[in-house]
Amino acid sequence: MSASSASAASASASLVTFPAVVSRLRAAGCVFAEDEARLILATARTPAGLLAMVDRRAAGLPLEHVLGWAEFRGLRISVDAGVFVPRRRTEFLVEQAEALARPGAVVVDLCCGSGALGAALASALDVVELYAADIDPVAVACARRNVEPVGGTVYEGDLYEPLPAVLRGRVDVLLANVPYVPTEEVGLLPPEARVHEARVALDGGVDGLDVLRRVTAEAGRWLAPGGSLLFETSGRQAASAMDIVAGDGLEPRLAECGELEATVIIGTRPPAPRGISDAP
């Protein structure tokens, strides 16, 4: 090894210590520099890879995209660059779905992104019939790595369009983590979301409820009698969202979690009257 190569190797080695990584991340503005440094050091496979990860994080790439995974309900969810990172508050949505679902339930995860919601629910219930869909091909490729190991199938397409027709009237739990940020407010999001996540996963239209309207308009045709649609929204949008759900024939219910600052709307298809076929 030449003297210059040895010097470069020595310099690189000095940068992979925990204090050095923390210092670099803190200088880049990372508030939780110590925690992030531990995760990066635990994930990196080589000193060179570690340095590259630190560089990407210091440049503003979301930590989950740097690591290649996000923790969600105790699972390590694969998250590729550009894919929406599952938020901790959304664990509350899965918790609500778990309370409604039964083993063997038919579950559909629309706007699935990484597939975190469907994968987490399937893992919690052990056995479900799981389907997921997203319009973004990058998200679909990522979701397949998370959903297929728990027995699910992922489709590429717009909302219900790619789903098998045989699911109509059979879905027990319809998860729809639709984008709900009003268009004019997307620019106010933190750079980690605004710059590094797909706009289609964030922008909910003028009032943030455009995608939701499209979901609820068709939900009754896909849900089984007594089946439920669950989605996340903001507290200030909740009343309007519940009106939309009710207007499309579902019975709305509000669930909130102050600790996670999470607001979830549950819309249930009324059970079929006795003696009436369950077919939609």
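Since the model is a prediction, treat every value here as computed from it, not as a measurement. Chains are numbered independently. Their residues run from 1 in the order of the written sequence. Side-chain atom pairs in this predicted model are given and counted only at pLDDT of 80 or more, local residue features only at pLDDT of at least 70, and totals for whole chains, interfaces and linings cover all residues. Excluding hydrogens and water, the side-chain values take into account all heavy atoms of the structure.

> Mind laying out the nonpolar core, listing which residues take part and the relevant values?
Buried Ala, Val, Leu, Ile, Met, Phe, Trp, Tyr and Cys residues that are joined via side-chain atoms within 4.5 Å together make up what is termed a nonpolar core. Note on classification: 1.4 Å probe, protein chains only; a residue is buried when its accessible area is under 20% of the maximum for its type, exposed when over 50%, partly exposed between these limits. Grouped together as the largest cluster of nonpolar side chains are 39 residues, with contacts concentrated most on Val107, Leu121, Val173 and Leu175. Elements with a minimum of two residues in this core: strand E1 (69-72), helix H6 (91-100), helix H7 (116-125), strand E4 (129-134), helix H8 (137-147), strand E6 (171-176), strand E8 (251-257) and strand E9 (262-268). Runs of H or I in DSSP of at least four residues are treated as helices and runs of E of at least two as strands, each being numbered from the N terminus. If one sorts the elements of this core by residue count, H7 sits on top with seven residues. The residues contacting valine 107, other than those within four sequence positions of it, are Leu121, Val128, Glu129, Leu130, Tyr131, Val173 and Leu175. Two residues qualify as a contact provided that any one of their heavy atoms is within 4.5 Å of a heavy atom in the partner residue.

> Tell me about the sheet that holds strand E7 (residues 223-233), and please be specific about residues and values.
DSSP-based pairing: two strands are paired if at least 2 bridges between them are found. Read across the open sheet, the seven strands follow the order E5-E4-E3-E6-E7-E9-E8; overall the sheet is mixed. Because the sheet does not close on itself, it has two edges, and the strands there are strand E5 (153-156) and E8. Between one strand and the next, the sheet's axes are offset by a mean angle of 20°, whatever the strand orientation. All axes are obtained by fitting lines to C-alpha atoms, using only the stretch in contact for helices, and the reported angles, taken between N-to-C directions, cover 0 to 180 degrees. Contacts from H8 reach E4 and E5 within the one sheet, and its direction differs from that of E5 by about 175°.

> Explain the packing of aromatic side chains residue by residue, including any values.
Geometrically, a pair of aromatic rings is defined through the distance of the ring centres and the angle of the planes. Centres within 6.5 Å make a pair out of two Phe, Tyr or Trp rings, where for Trp the six-membered ring is used; the pair is then stacked when the planes are under 30 degrees apart, edge-to-face when over 60, and tilted otherwise. If you walk through the whole model with that rule in mind, you get one aromatic pair. Summarising the aromatic geometry, the rings of tyrosine 160 and tryptophan 222 are spaced 5.4 Å apart at their centres and angled 10° between planes, so their arrangement reads as stacked. On the criterion of sequence distance, the pair formed by tyrosine 160 in the loop between E5 and E6 and tryptophan 222 in helix H10 (residues 210-222) is long-range, its members being 62 residues apart. Here tyrosine 160 falls in the buried class, since its relative accessible area comes to 6%. The class of tryptophan 222 is buried, set by a relative accessible area of 4%. In this arrangement the basic side chain of arginine 76 is found over the ring face of tryptophan 69, its NZ or CZ atom lying 3.8 Å from the centre. Placement of a positive charge over a ring is assigned whenever Lys NZ or Arg CZ falls within 6 Å of the ring centre and within 35 degrees of the normal to the ring plane.

> Explain helix H3 (residues 33-43) to me, using residue names and the numbers behind them.
The complete set of buried residues in H3 reads Ala33, Glu36, Ala37 and Ile40. All buried residues of H3 lie within an arc of 100° about the axis, which places them on one face of the element. Residues of H3 that are buried sit in contact with helix H2 (18-27), helix H4 (47-58) and helix H5 (63-67). An arc is given here, and it is the one of the directions from the helix axis to the C-beta atoms.

> Please set out the environment of valine 107 residue by residue, giving values where relevant.
Tracing the chain through its elements places valine 107 in strand E3 (residues 106-110). Exposure remark for valine 107: the relative accessible area of 1% places this residue in the buried category. A C-alpha to C-alpha distance of 45 Å links valine 107 and serine 23, two positions 84 residues apart in sequence.

> Please set out the packing of H2 against H3 residue by residue, giving values where relevant.
Relative to each other, H2 and H3 sit at 125°, their axes nearing to 9 Å. The angle between the axes of H2 and H3 places the two elements in the oblique class. Viewed along their axes, H2 and H3 form a crossing whose handedness is right-handed. Judged by residue contacts, Phe18, Val21, Val22, Leu25 and Arg26 of H2 engage Ala33, Glu34, Glu36, Ala37, Arg38, Ile40 and Leu41 from H3. Amino acids are sorted into nonpolar (Ala, Val, Leu, Ile, Met, Phe, Trp, Tyr, Cys and Pro), charged (Asp, Glu, Lys and Arg) and polar (every other residue, Gly among them). Split into classes, the residues belonging to the contact of H2 with H3 amount to eight nonpolar, no polar and four charged. Orientation labels follow simple angle bins: below 35 degrees gives roughly parallel, above 145 gives roughly antiparallel, 65 to 115 gives roughly perpendicular, and whatever is left gives oblique. If you view the pair so one helix is near and one far, a crossing is left-handed when the near helix is turned anticlockwise from the far one by less than a right angle, and right-handed when it is turned clockwise.

> Outline the packing of H2 against H4, listing residues and values.
Relative orientation of the contacting elements H2 and H4 amounts to 20°, with a least axis distance of 9 Å. Viewed along their axes, H2 and H4 adopt a mutual orientation that is roughly parallel. Classified by chirality, the crossing of H4 by H2 is right-handed. Taken together, the residues of H4 that come into contact with H2 (itself represented by Val21, Arg24 and Leu25) are Leu50, Val54, Asp55, Arg57 and Ala58. In terms of residue class, the contact of H2 with H4 is made up of five nonpolar, no polar and three charged.

> Break down the pairing of strand E2 (residues 75-78) for me, with residues and values.
As defined by bridge partners, E1 adjoins E2 across four bridges and the pair is classed as antiparallel. Across the sheet, the residue bridging to alanine 70 is isoleucine 77, located in E2. Counting the residues in the hairpin turn of E1 and E2 gives two residues, including arginine 73, whose phi is positive at 50°.

> Which residues make up the side chain of aspartate 203, and what values do they have?
When you line up the elements, aspartate 203 lands in the loop between helix H9 (191-194) and H10. Residue classification places aspartate 203 among the buried residues on the basis of a relative accessible area of 19%. Polar contact criterion, stated in full: a pair of N or O atoms within 3.5 Å, where within protein one must be able to donate a hydrogen and the other to accept it, and residues adjacent in sequence count only if both atoms are side-chain atoms. Reaching out from aspartate 203, the side chain makes a polar contact with the side chain of threonine 183 at a distance of 2.7 Å. Look past the residues within four positions of aspartate 203 in its chain and what remains in contact with it is Pro179, Val181, Pro182, Thr183, Val186 and Val211.

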